[in-house]
Amino acid sequence: MYEANFDDVTVVCVTYQSRALAESLAERLRPYSHVVFIDNGSTDGTVSALQDLVPHARILQREGNGGFGKANNEAMAHVRTPFALLLNPDCSLPADALATLRECMSRYSSAAAIAPQGWRADRRPQKSFRAAFYEKLPRQAYRPPDGTCSAQWLNGCCLLLRTEVFHQIGGFDERFFLYYEDDDLCLRLRQAGYECLIEPSANVLHAGGASSSPSVALGLFKAFHYARSRHLAICKYRGRSTGYGYLVRTLLAAVPLSLAYALMLQRRHAMKWCAWGAAAFHGLFIAPPEPMSAKVARKYTPSTSKPAADPVRLGWAPRQPLPLNEDQPAEQ
């Protein structure tokens, strides 16, 4: 068994209706002396199970579901170690992989966030890094990088952070209830002059969509917040007019596509477009965030420590109109 001292790392885990994962979580987190759970108002016994199974952990209980970013911010307020590992309940990161991430963080003093390469249970690679959501890249199969490289987005399911820097930039933007909070965090870290790195020699197994018990209501809930968060992100980084253009296109497509998929008995797609349409309608009546200037939004801080073959830098293409469904949630 791999042995290492992780006294400088606190594992932060947000749970919601995650009782089914409690036993495996307890086993996976046993090597780590600093663990903070924050529960987003679960009603399935998640908290009591974690209290019994992970007695050394600090467990915070919220009365309601405040979203991924808000819960992480509240948990991070209790972190006293130099590094924090944000870990989804359905992710399994071996101790040697965490040691690799920490070593990478020590090697690159400009790095504020480092992600491992994610893998599905069937050994398919999970998209773990890419360019900013507003950049248009050629459609091609995802390939893990050959070495450590910089990225504009890292998958937030498993992320090693410098605690001080996280607080320095204000943590997650809590307006993003679910989805795109990791996009925004990475872009703001880079804006502040720090690097976001993908370290493919560290690997995490991510079940995907298993953090909460699946249900029709949960599927609609996630789809609604995906579209809502995408609108907020577009407004923030591309401007309000582009954001409202996204709402209009989504509304115009939602009704016919919802009906068409329903007639074809493709319930999942019908529900998705119905939820996206509802989110777009809702977006017409909320105040979007102030947009960032184009100069700030596109700021790119190169690093002399990156290898020459950086898939993100070499793969950029000119901007094009944002498609309605170009950026699917990671777990779908």
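Coordinates for the structure precede this section.
So, how was this worked out
Residue positions within a chain follow its written sequence, with the count starting from 1. It should be noted that, the model being predicted, local features are given only for residues of pLDDT at least 70 and side-chain atom pairs only at 80 or more, the latter also being counted only at that level, while totals for whole chains, interfaces and linings use all residues. The side-chain values count all of the structure's non-hydrogen atoms but skip hydrogen atoms and water molecules. The way it works is that DSSP assigns letters per residue, a run of H or I at least four long becomes a helix, a run of E at least two long becomes a strand, and they are numbered from the N terminus. Here, residues are in contact when the closest pair of their heavy atoms is within 4.5 Å. All accessible areas in this document rest on Shrake-Rupley with a 1.4 Å probe, and a residue is counted as covered only by the protein chains that are shown. Partly exposed describes any residue whose relative accessible area lies between the buried limit of under 20% and the exposed limit of over 50%, with all areas from a 1.4 Å probe on protein chains only and scaled to the type maximum. Here Asp and Glu are counted as negative and Lys and Arg as positive; His is not counted, and neither are the chain ends. Throughout this description, the term salt bridge denotes a Lys or Arg side-chain nitrogen within 4 Å of a carboxyl oxygen of Asp or Glu. Pairs of N or O atoms within 3.5 Å make up the polar contacts considered here, provided that, within protein, one atom can donate a hydrogen while the other can accept it, and that residues adjacent in sequence are counted only when both atoms are side-chain atoms. What makes two strands pair is DSSP finding at least two bridges between them. For crossovers, right-handed means that the path from the first strand over the helix to the second runs clockwise, given strands pointing away from the viewer. Working definition of a nonpolar core: buried Ala, Val, Leu, Ile, Met, Phe, Trp, Tyr and Cys residues. They are joined through side-chain atoms within 4.5 Å. Here the term patch refers to residues with relative accessible area over 30% and no salt bridge, with like charges joined within 9 Å and nonpolar side chains (Val, Leu, Ile, Met, Phe, Trp, Tyr) within 5 Å. Working definition: a ring pair exists when centres of Phe, Tyr or Trp rings (six-membered ring for Trp) sit within 6.5 Å. Plane angles under 30 degrees give stacked, over 60 give edge-to-face, the rest tilted. Disulfide assignment relies on a single distance test, namely cysteine sulfur atoms paired within 2.5 Å. Axes here mean lines fitted to C-alpha atoms, for a helix over just the part in contact, with angles spanning 0 to 180 degrees between N-to-C directions. The cut-offs work like this: below 35 degrees is roughly parallel, past 145 is roughly antiparallel, 65 to 115 is roughly perpendicular, and the gaps in between are oblique. Crossings are classed by handedness, with left-handed meaning an anticlockwise turn of the near helix from the far one by less than a right angle and right-handed meaning a clockwise turn. The classification used treats Ala, Val, Leu, Ile, Met, Phe, Trp, Tyr, Cys and Pro as nonpolar, Asp, Glu, Lys and Arg as charged, and all other residues, Gly among them, as polar.

A. Focus on the overall build of the protein. Of regular secondary structure, the protein possesses eleven helices and eleven strands. At a minimum sequence separation of 6, the contacts of the protein that also span at least 24 residues come to 78%. Entry remark: accessible area of the protein is about 14800 Å², with carbon and sulfur atoms responsible for 56%.

B. Broad picture of the side chain of Glu 181. Among the secondary structure elements, Glu 181 is positioned in helix H6 (residues 181-191). Put simply, Glu 181 is tucked away with no salt bridge, and the nearest opposite charge, on Arg 130, sits 9.3 Å away. One polar contact links the side chain of Glu 181 to the main-chain amide nitrogen of Tyr 179, over a distance of 2.9 Å. Not counting residues up to four positions away in its chain, the partners in contact with Glu 181 are Phe 68, Phe 172 and Phe 176.

C. Representation of the pairing of strand S1 (residues 9-15). Where burial is concerned, most of S1 is hidden: seven out of the seven residues are buried. Burial along S1 is two-sided: the face carrying Val 9, Val 11, Cys 13 and Thr 15 and the face carrying Thr 10, Val 12 and Val 14 are both buried. Pairing of S1 with strand S4 (residues 83-87), which is carried by four bridges, proceeds in the parallel orientation. In the strand pairing of S4, Thr 10 is matched with Ala 84. Here S1 runs beside strand S2 (residues 35-39); their pairing, made up of five bridges, is parallel. Each residue of the ladder has a partner; that of Val 14, found in S2, is Ile 38. Between S1 and its parallel partner S2, the chain crosses via helix H1 (residues 22-28), and the hand of that crossover is right-handed.

D. The arrangement of the nonpolar core in detail. One finds Phe 133, Leu 154, Leu 159, Leu 185 and Leu 189 to be the most contacted residues of the largest nonpolar core, which totals 57 residues. Top contributing element to this core by residue count: helix H7 (residues 216-238), with seven residues. Residues in contact with Leu 185, not counting those within four places in the same chain, are Leu 159, Leu 161, Phe 166, Ile 169, Gly 171 and Phe 172.

E. Up close: a nonpolar patch on the surface. Together, Tyr 244, Phe 281, Leu 284 and Phe 285 line one region of the surface with nonpolar side chains, adding up to about 420 Å² of accessible area. With respect to the helices and strands, Phe 285 occurs in the loop between helix H9 (267-283) and helix H10 (294-297).

F. Main features of the side chain of Asp 39. As for its placement among the helices and strands, Asp 39 is situated in strand S2. The side chain of Asp 39 is buried and forms no salt bridge, while Arg 62, the nearest opposite charge, is found at 8.8 Å. Residues in contact with Asp 39, not counting those within four places in the same chain, are Thr 15, Tyr 16, Thr 46, Val 47, Leu 60, Gln 61 and Arg 62.

G. Highlighting the packing of aromatic side chains. Following the criterion strictly, the structure yields 14 aromatic pairs and no others. Here Phe 133 and Tyr 180 contribute two aromatic rings whose centre-to-centre distance is 5.6 Å and whose plane-to-plane angle is 80 degrees, an arrangement assigned as edge-to-face. Note that Phe 133 is positioned in the loop between strand S7 (129-130) and strand S8 (149-150) and Tyr 180 in the loop between helix H5 (163-168) and H6, a separation of 47 residues in sequence. Comparing Phe 133 with Tyr 180 shows no difference in burial state: the two are buried. One aromatic cluster is present, built from ring pairs that chain together Phe 133, Tyr 134, Tyr 179, Tyr 180, Tyr 226, Tyr 237, Trp 273 and Trp 276.

H. View of the pairing of strand S6 (residues 111-119). Buried residues dominate S6, accounting for nine of its nine residues. Inspection of the sheet shows S6 paired to strand S11 (residues 195-206) by eight bridges, in the parallel sense. In the strand pairing of S11, Trp 119 is matched with Leu 205. Two elements, S6 and strand S10 (residues 158-162), share two bridges in a ladder whose sense is antiparallel. Each bridged residue has a counterpart across the sheet, and for Ile 114 the counterpart in S10 is Leu 160.

I. Highlighting the environment of Thr 81. Residue position: Thr 81 is located in the loop between helix H3 (68-76) and S4. Residue classification places Thr 81 among the buried residues on the basis of a relative accessible area of 9%. Considered as a pair, Thr 81 and Thr 163 are 82 residues apart in the sequence and their alpha carbons are 7.2 Å apart. Polar contacts involving the side chain of Thr 81 include one to the side chain of Thr 10, which spans 2.7 Å. In this structure the side chain of Thr 81 is engaged in a polar contact, spanning 2.8 Å, whose partner is the backbone oxygen of Phe 83.

J. Layout of the state of the cysteines. One pass over the full model with this rule turns up zero disulfides. Just so you know, Cys 157 is unpaired, no disulfide at all, and the nearest cysteine sulfur is the one on Cys 91, 3.8 Å from it. According to the relative accessible area criterion, Cys 157 is buried, its value standing at 5%.

K. Highlighting the packing of helix H8 (residues 240-263) against H9. One way to put it is that H8 packs onto H9 with a least axis distance of 8 Å and a crossing angle of 150 degrees. Here H8 is positioned roughly antiparallel relative to H9, judged by the angle of their axes. H8 and H9 meet at a crossing whose hand is left-handed. Of H9, the residues touching H8 (which contributes Tyr 244, Leu 247, Thr 250, Leu 251, Ala 253, Ala 254, Leu 257, Ser 258, Tyr 261 and Ala 262) are His 269, Ala 270, Trp 273, Cys 274, Trp 276, Gly 277, Ala 280, Phe 281 and Gly 283. A per-class count over the contact of H8 with H9 returns 14 nonpolar, five polar and no charged.

The values are spatial; any link to function lies outside them.
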